[in-house]
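Examination of the molecular architecture
Each chain, written out:
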Amino acid sequence: MSDMTIFQAILRYFGGEIVDFSEYDVDLSGVTEFQREVLEEVRKIPYGERVTYQELACRTGREGAARAVGSAVAKNPYPIIIPCHRVVSSSGIGGFCGKTCGEKVELKKRMLEMEANCKRKLNDGKDT
């Protein structure tokens, strides 16, 4: 897929559209094998859902490695495409793009809120 296609998908995402970025190839050659395993698991987190760093550690078979998983997530070279904003701390929001406060964390909060609202609207529109 072209860079323009990815750019257009990101614009659609921030426009409030549910976008599945799992179809886009990413080059993870610059990360360690552990980081790759963690980031590949992050890609499986569905739109509008959240997992904790501890849950993610369990999903990768490393139950006691929540901090190491958090460090791997912080090194994500493709935020949005690899939806690391969906990984949160068990005691709060956690960090985003290597930061634990400031504008990046505020962006994470807004993305989580946007996804929750979009998913809620989608579910409200379904016949029950």
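The rules behind each value
- Residues numbered from 1 in each chain as written.
- Predicted model: local features only at pLDDT ≥ 70, side-chain atom pairs only at ≥ 80, totals over all residues.
- Heavy atoms only, no water.
- Patch = residues over 30% accessible without salt bridge, like charges linked within 9 Å, V, L, I, M, F, W, Y side chains within 5 Å.
- Areas by Shrake-Rupley, 256 points an atom, 1.4 Å probe, with all protein chains shown as cover.
- Salt bridge = Lys/Arg side-chain N within 4 Å of Asp/Glu carboxyl O.
- Helix = DSSP H or I, 4+ residues; strand = E, 2+ residues; numbered from the N terminus.
- Buried < 20%, exposed > 50% of the residue type's maximum accessible area, 1.4 Å probe, protein only.
- Contact = heavy atoms within 4.5 Å.
- Phe/Tyr/Trp six-rings, centres within 6.5 Å; stacked < 30°, edge-to-face > 60°.
- Polar contact = N/O pair within 3.5 Å; in protein donor to acceptor, adjacent residues only side chain to side chain.

Before going further, it helps to spend a moment on a nonpolar patch on the surface. Together, Met-4, Phe-7 and Leu-11 make up an exposed nonpolar region whose accessible area comes to about 330 Å². Within the element layout of this structure, Phe-7 appears in helix α1 (residues 3-14).

Right, let's talk about the environment of Ala-66 for a bit. Structurally, Ala-66 can be placed in helix α4 (residues 66-74). Judged by relative accessible area, Ala-66 falls into the buried class, the value being 18%. In contact with Ala-66, not counting residues within four places along its chain, are Tyr-53, Gln-54 and Ala-57.

Another aspect to go through is the packing of aromatic side chains. By the definition in use, this model includes 4 aromatic pairs. Their ring planes at 80 degrees and their centres at 6.2 Å tell us that Tyr-13 and Tyr-47 sit as a pair that is edge-to-face. Taken together, the residues Tyr-13 in helix α1 and Tyr-47 in the loop between α2 (33-42) and β1 (51-52) connect sequence positions 34 residues apart. Of the residues examined, Tyr-13 reaches a relative accessible area of 1% and is grouped as buried. Measuring from centroid to centroid gives 5.9 Å for Phe-21 and Tyr-24, while their planes differ by 45 degrees, and the two rings are tilted. The burial state of Phe-21 is the same as that of Tyr-24; both residues are buried. Within the aromatic cluster, the residues linked to one another by ring pairs are Tyr-13, Phe-14, Phe-21, Tyr-24 and Tyr-47.

Moving on: the side chain of His-85. Tracing the backbone through its elements, the reader meets His-85 in the loop between α4 and β2 (87-88). Given the relative accessible area of 0%, His-85 is considered buried. Only 3.3 Å separates the side chain of His-85 from the side chain of Tyr-13, close enough to count as a polar contact. Excluding residues that lie within four positions of it along the chain, His-85 makes contacts with Tyr-13, Phe-96, Lys-108, Met-111, Leu-112 and Glu-115.

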